[in-house]
Amino acid sequence: MAKYIITGGNRLEGSIRVPGAKNSVLPILAAALLTDEQSVIRDCPNLVDIEKAVGILRAVGCKVKIEGGTIIVDPSNITTHIIPDEYVKEIRSSIIFLGAMVARAGKARVTYPGGCEIGQRPINLHLKGLEDLGVNIEESYGYIECKESKLTGADIHLDYPSVGATENIIMAATAAHGYTIIRNAAKEPEITDLQDFINAMGGCVAGAGTSTIMVEGRRPLRGADHTIIPDRIVAGTYLGAAAITGGEIMVENVVFDHVQPIIAKLRETGAVIRASGSAVHIKSKDRPFPVYKTTTLPHPGFPTDMQAPLVSILTVARGTSVVVETIFENRFKHVPELMRMGADIRIDGKTAVIQGVEKLRGAEVLSWDLRGGAALVLAGLRAEGQTVIDDLHHIERGYERLEHSLRSIGAQIDKVED
Ligand code: UD1
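Residues numbered from 1 in each chain as written. Predicted model: local features only at pLDDT ≥ 70, side-chain atom pairs only at ≥ 80, totals over all residues. Heavy atoms only, no water.

**Quick notes on the overall build of the chain**
Threshold: Runs of H or I in DSSP of at least four residues are treated as helices and runs of E of at least two as strands, each being numbered from the N terminus. We take the radius of gyration over the C-alpha atoms and set the globule estimate at 2.2 Å times the residue count to the 0.38 power. By the convention used here, residues are in contact when the closest approach between their heavy atoms is within 4.5 Å. Values of accessible area rely on a 1.4 Å probe in the Shrake-Rupley scheme; residue burial ignores everything except the protein chains shown. This count recognises Lys and Arg as positive and Asp and Glu as negative, with His and chain-terminal groups excluded. Here the site of a charge means atom NZ of a Lys, CZ of an Arg, CG of an Asp or CD of a Glu.
In terms of helices and strands, the chain carries 14 helices and 23 strands. Over its C-alpha atoms the chain spans a radius of gyration of 21 Å, differing by no more than 12% from the 22 Å that the globule rule assigns to 418 residues. Dimensions of the chain along its principal axes, counting C-alpha atoms only, are 60 × 45 × 40 Å. Summarising the internal contacts of the chain: among those between residues at least 6 apart in sequence, 73% fall at separations of at least 24. For the chain, the exposed surface amounts to about 16,000 Å²; the carbon and sulfur share of it is 47%. In the chain, which carries 45 positive and 51 negative side-chain charges, the distance between the mean positions of the two groups comes to 3 Å.

**Describing the sheet that holds strand β20 (residues 351-355)**
Test applied: One requirement defines pairing of two strands: DSSP has to find at least two bridges between them. Axis definition: a line fitted to C-alpha atoms, limited for helices to the stretch in contact. Angles are taken between N-to-C directions and run from 0 to 180 degrees.
Spatial strand order, β17-β18-β20-β19: four strands in an open sheet with mixed pairing. On the outer flanks of this sheet lie β17 (293-295) and β19 (344-348), each paired with one strand and no other. Neighbour to neighbour, the strand axes of the sheet diverge by 15 degrees on average, direction disregarded. Here β17 pairs with strand β18 (residues 320-324) via three bridges, running parallel. Residue pairing across strands places K293 opposite V322, the latter belonging to β18. Together, β17, β18, β19 and β20 form the strand contacts of helix α10 (residues 307-314), whose direction differs from that of β18 by roughly 170 degrees.

**Some thoughts on the packing of aromatic side chains**
The geometry of an aromatic ring pair comes down to the distance between the two centres and the angle between the two planes. Filter applied, for reference: Stacked, edge-to-face and tilted labels apply to pairs of Phe, Tyr and Trp rings (six-membered ring for Trp) whose centres lie within 6.5 Å, assigned for plane angles under 30 degrees, over 60, and everything in between, in that order. We count a charge as sitting over a ring when the NZ of a lysine or the CZ of an arginine lies within 6 Å of the ring centre and within 35 degrees of the ring normal.
Counted according to the given criterion, the structure contains zero aromatic pairs. Over the ring of Y143 we find R109; its NZ or CZ atom is 4.0 Å from the centre of that ring.

**Some details on the pattern of salt bridges**
Keep this limit in mind: Here a salt bridge means any side-chain nitrogen of Lys or Arg lying within 4 Å of a carboxyl oxygen belonging to Asp or Glu. Exposure is judged per residue with a 1.4 Å probe applied to protein chains only, and the accessible area is read against the type maximum: over 50% gives exposed, under 20% gives buried, and values in between give partly exposed.
Overall, the coordinates contain 21 salt bridges when judged by the stated rule. The salt bridge partner of K415 is E396, with a shortest N-O separation of 2.7 Å. Residue K415 is located in strand β23 (residues 412-416), and its partner E396 is located in helix α13 (residues 393-396); the two are separated by 19 residues in the primary sequence. Using a relative accessible area of 23% as the deciding quantity, one classes E396 as partly exposed. Shared partners join several salt bridges into a network, and the residues in it are R11, E13 and E248.

**Some remarks on the site of the ligand**
Definition in use: It suffices for a single heavy atom of a residue to lie within 4 Å of a molecule or strand for the residue to be listed as near it. In protein, a polar contact requires one atom able to donate a hydrogen and another able to accept it; more generally it is a pair of N or O atoms within 3.5 Å, and residues adjacent in sequence count only if both atoms are side-chain atoms. Amino acid classes used here: Ala, Val, Leu, Ile, Met, Phe, Trp, Tyr, Cys and Pro are nonpolar; Asp, Glu, Lys and Arg are charged; the rest, including Gly, are polar. For the domain bounds, the source is a domain assignment made automatically or taken from a database.
Surveying the vicinity of the ligand reveals 18 residues, the closest of which are N124, L125, S162, D305 and I327. At 2.7 Å from an oxygen atom of the ligand is found a main-chain nitrogen or oxygen belonging to V163. In this structure, an oxygen atom belonging to the ligand sits 2.8 Å away from a main-chain N or O atom of G164. Calculation on the ligand without its partners gives an accessible area of 740 Å², and the protein chains cover 83% of this total. Top element by residues in the shell around the ligand is helix α5 (residues 124-132). It accounts for three residues. Residue composition of the shell around the ligand, by class: seven nonpolar, seven polar and four charged. Residue contributions to the shell around the ligand reach at least three from each of two domains, namely domain 1 (2-19 + 230-417) and domain 2 (22-227).

Encoded structure:
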């Protein structure tokens, strides 16, 4: 198993570019199934989760070429409506293929994705939304079977603004007769990216970025050429790396609006942040100020994916901070690892109380999940001495060659294969 070895203490300086957003690429790869023409998707990061999504496309009959960061999907010959189990078990987000496959083939079958490191991850909202569109769903022996059904536009109210459910419903609605309205929809930027891709295909989706989305179904869809939006969480992680090391860096390829909720918090730590075009410059304090209270919320609230990196930054703040995780129930697994490095954190249910310490010490720690792993990297960059982070496969699901990127701005970090 690969590990990172980090020697902390370097102040980060320089500039670094953010790649396209993984969480945008996944639904957009699924949406490529909505037509039988070829689509070109640009600025895709090279990540295991994206390889697996490409694996799903190939398994259902698509021809897929990967040229650098460009993925070219030819979905003209779909040979099956069954999403293979092996992929669903490996990437939970493959549930996103359900809505697209129902739209394309009129039916779909997928194994139940189940929970993961950060929580139970139910899919009731995905299934209810599809049923509202007229999809006849049978659940048996761990499978979800969407039977041949006549899709009809519907007025759908989501109990919670789930990102994946919103995406699945939008995709299925493109094939429904008439109009669909999704109320209390997720407002994340990745939804807007999906809308832009579908509209470039000739579809008619409106309202993404607000809580009401409208889809006109059964428009003829063609292939599209689309560039993925920058990854706001990778951008936030780089900004966080500067914030925890007292660094000063320029992060390029950022949509300022998308990272605004993260920047607001980093400013509370004392960092001075300026945007200029698509670049964001951060100059941070030697030691961050504490942040009175941060609550993770659906966009445009503070993103749950940045909770763990923020907790790391606050471990060395000049006082006490409180962070409340409201989205996923099991997302504090980085905390015991940070405590091994000398952090002073108490967890009570959804709340972490972080008493800032002057110094973290390098230690051998384990990355339990993707963003928790990134949080440990940030802590390692600040800690005295050497930090060894075991089990990089989670981190590598969301960050392309993180060690190279961080080395380019002055970090001492190496990847070592066991
Ligand atoms: C997406 C992102 C993930 C991010 C999350 C929240 C991808 C691949 N992943 O995940 O990185 O952390 O948004 O911004 O895009 N819920 C239900 N029933 C459902 C669906 C969700 O109760 O049918 C609950 C979940 O348990 C969770 C909350 O809704 O508590 C948010 O989940 P959701 O927005 O669906 O997250 P994902 O789309 O899985």
